[in-house]
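As a plain string of letters, each chain reads:
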Amino acid sequence: MFDQRTSGRRLVRWKAAVIPLNQPDKIIQSAATEVAQKGISLFCKEQLFPHITYRVILQIPDAMHISVSYVEVEGKPIYSSLVGSMGEFRTGLKLTEISNEYRNKLDGLLRGVG
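Now for a look at the structure at hand. Since the model is a prediction, treat every value here as computed from it, not as a measurement.

1. Some points on the environment of Glu-34
Considering the arrangement of structural elements, one finds Glu-34 in strand E2 (residues 28-36). The class for Glu-34 is buried, based on a relative accessible area of 12%. At 2.6 Å, the side chain of Glu-34 and the side chain of Arg-9 are in polar contact.

2. Considerations on the pairing of strand E3 (residues 39-44)
Of all 6 residues that make up E3, 6 are buried, and the element is covered over most of its length. Every second residue of E3 is oriented toward a common face, with Gly-39, Ser-41 and Phe-43 on one face and Ile-40, Leu-42 and Cys-44 on the other, all of them buried. Bridge count for E2 against E3 is 5 bridges, and the pairing is antiparallel. Paired with Glu-34 across the strands is Ser-41, a residue of E3. Hairpin connection from E2 to E3: 2 residues lie between these consecutive antiparallel strands.

3. As for the side chain of Ser-41
Within the secondary structure layout, Ser-41 lies in strand E3. Once residues within four sequence positions are removed from consideration, Ser-41 is found in contact with Ala-31, Ala-32, Thr-33, Glu-34, Tyr-79, Arg-90 and Thr-91.

4. Section: the pattern of salt bridges
Across all of its chains, the model carries 5 salt bridges by this definition. A salt bridge links Glu-46 to Lys-26; the nearest nitrogen and oxygen atoms lie 2.9 Å apart. On the criterion of sequence distance, the pair formed by Glu-46 in the loop between E3 and strand E4 (54-61) and Lys-26 in the loop between strand E1 (9-20) and E2 is long-range, its members being 20 residues apart. Look at Glu-46 and you get partly exposed, because its relative accessible area is 32%. In this structure Lys-26 comes out as partly exposed when scored by relative accessible area, which is 31%. Its salt-bridge partner being Arg-55, residue Glu-72 comes within 3.7 Å of it at the nearest N-O pair. A residue pair is termed long-range when its members are at least 10 positions apart, and Glu-72 in strand E5 (residues 68-83) and Arg-55 in strand E4 qualify at 17 residues. Residue class for Glu-72 comes out partly exposed when judged on its relative accessible area of 39%. With relative accessibility at 28%, the residue Arg-55 sits in the partly exposed group. Via salt bridges that share partners, Arg-9, Glu-34 and Arg-90 belong to a single interconnected network.

Rules and cut-offs
- Residues numbered from 1 in each chain as written.
- Predicted model: local features only at pLDDT ≥ 70, side-chain atom pairs only at ≥ 80, totals over all residues.
- Heavy atoms only, no water.
- Helix = DSSP H or I, 4+ residues; strand = E, 2+ residues; numbered from the N terminus.
- Buried < 20%, exposed > 50% of the residue type's maximum accessible area, 1.4 Å probe, protein only.
- Polar contact = N/O pair within 3.5 Å; in protein donor to acceptor, adjacent residues only side chain to side chain.
- Pairing = 2+ DSSP bridges.
- Contact = heavy atoms within 4.5 Å.
- Salt bridge = Lys/Arg side-chain N within 4 Å of Asp/Glu carboxyl O.

What follows is the structure, given as structure tokens:
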């Protein structure tokens with residue numbers, strides 16, 4: 001197995017809501033643990049499937065953890081496997097739609113500004 005990442009990544013602890021585009025009323029509780037320009041690593045309460053596109057709403061705290069902002073992205077899972085000891089699914093999501101807000105936040109994080 002080899003690492004397919006081609007851009008920098010940042011370890012985070014962000015709350016996330018994952019919404020399948022084919023079921024827009026369904027919300028899956030999640031947490032983002034790593035973010036990059038082209039992907040996100042999530043821990044989800046439910047398994048995500050590669051044939052479905054998901055909208056992800058990320059809750060991003062400011063540097064002092066006083067306020068939060070929200071950004072949206074869309075993507076498809078590359079993998080989603082159960083982590084037995086945690087009872088959650090570790091999921092790698094390849095991003096297909098990236099908002100400018102996400103790009104700006106991530107650029108700041110990778111440069112160490114925020």
